[in-house]
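# An overview of the molecular structure
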Amino acid sequence: MKKTIRLTESDIRRMVMEAMNELDWKTYANAAKKSKERGDRERNYRFRDKTWRQFNKDWELYTC
């Protein structure tokens, strides 16, 4: 038997935002690299900033 799940747009947005918060620093670094290659400076800066924030957040877990 096949079950159908109905999601609203806000449900999908929430799920995507939760998934984005779970990305590790390497994923953000790759996104920064690709945006730089494409010439999108603003996006590159945002991903690069997020890379360092996530790296520091992940590193704190190991140093405490």
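Chain-level pLDDT for the protein is 87 on average; 91% of the residues reach the 70-or-more range. No element of the protein has a lower mean pLDDT than helix H1 (residues 9–21), which averages 83, and none a higher one than helix H2 (residues 25–37), which averages 94.

Take a positive patch on the surface next. There is a patch of like positive charges on the surface, built from Lys-33, Lys-34, Arg-38, Arg-43 and Arg-46. Sorting the residues of the positive patch by element identifies H2 and helix H3 (41–63) as the ones contributing at least two each. Within the fold, Arg-43 resides in helix H3. Using a relative accessible area of 40% as the deciding quantity, one classes Arg-43 as partly exposed.

Here we come to the environment of Arg-14. Along the polypeptide, Arg-14 turns up in helix H1. A polar contact is formed between the side chain of Arg-14 and the side chain of Asp-11, at a distance of 2.9 Å.

What follows is about the pattern of salt bridges. Evaluation of the coordinates by the stated rule reveals three salt bridges. Note that Asp-11 and Arg-14 form a salt bridge whose closest N and O atoms lie 2.9 Å from each other. One end of the pair, Asp-11, and the other, Arg-14, are both in helix H1, three residues apart, so they sit about a helical turn from each other. Of the residues examined, Arg-14 reaches a relative accessible area of 43% and is grouped as partly exposed.

A few words on the side chain of Thr-51. By the secondary structure assignment, Thr-51 is in helix H3. When its relative accessible area of 8% is taken as the criterion, Thr-51 is described as buried. Filtering out sequence-adjacent residues up to four positions away, Thr-51 remains in contact with Trp-25, Tyr-28 and Ala-29.

Here we come to the environment of Phe-55. Of note, Phe-55 is situated in helix H3. It is 15 Å that separates the C-alpha atoms of Phe-55 and Tyr-45, two residues lying ten residues apart in sequence.

The rules we used
Residues numbered from 1 in each chain as written. Predicted model: local features only at pLDDT ≥ 70, side-chain atom pairs only at ≥ 80, totals over all residues. Heavy atoms only, no water. pLDDT = per-residue confidence, 0-100. Helix = DSSP H or I, 4+ residues; strand = E, 2+ residues; numbered from the N terminus. Patch = residues over 30% accessible without salt bridge, like charges linked within 9 Å, V, L, I, M, F, W, Y side chains within 5 Å. Areas by Shrake-Rupley, 256 points an atom, 1.4 Å probe, with all protein chains shown as cover. Salt bridge = Lys/Arg side-chain N within 4 Å of Asp/Glu carboxyl O. Lys, Arg positive; Asp, Glu negative; His and termini not counted. Charge placed at Lys NZ, Arg CZ, Asp CG, Glu CD. Buried < 20%, exposed > 50% of the residue type's maximum accessible area, 1.4 Å probe, protein only. Polar contact = N/O pair within 3.5 Å; in protein donor to acceptor, adjacent residues only side chain to side chain. Contact = heavy atoms within 4.5 Å.

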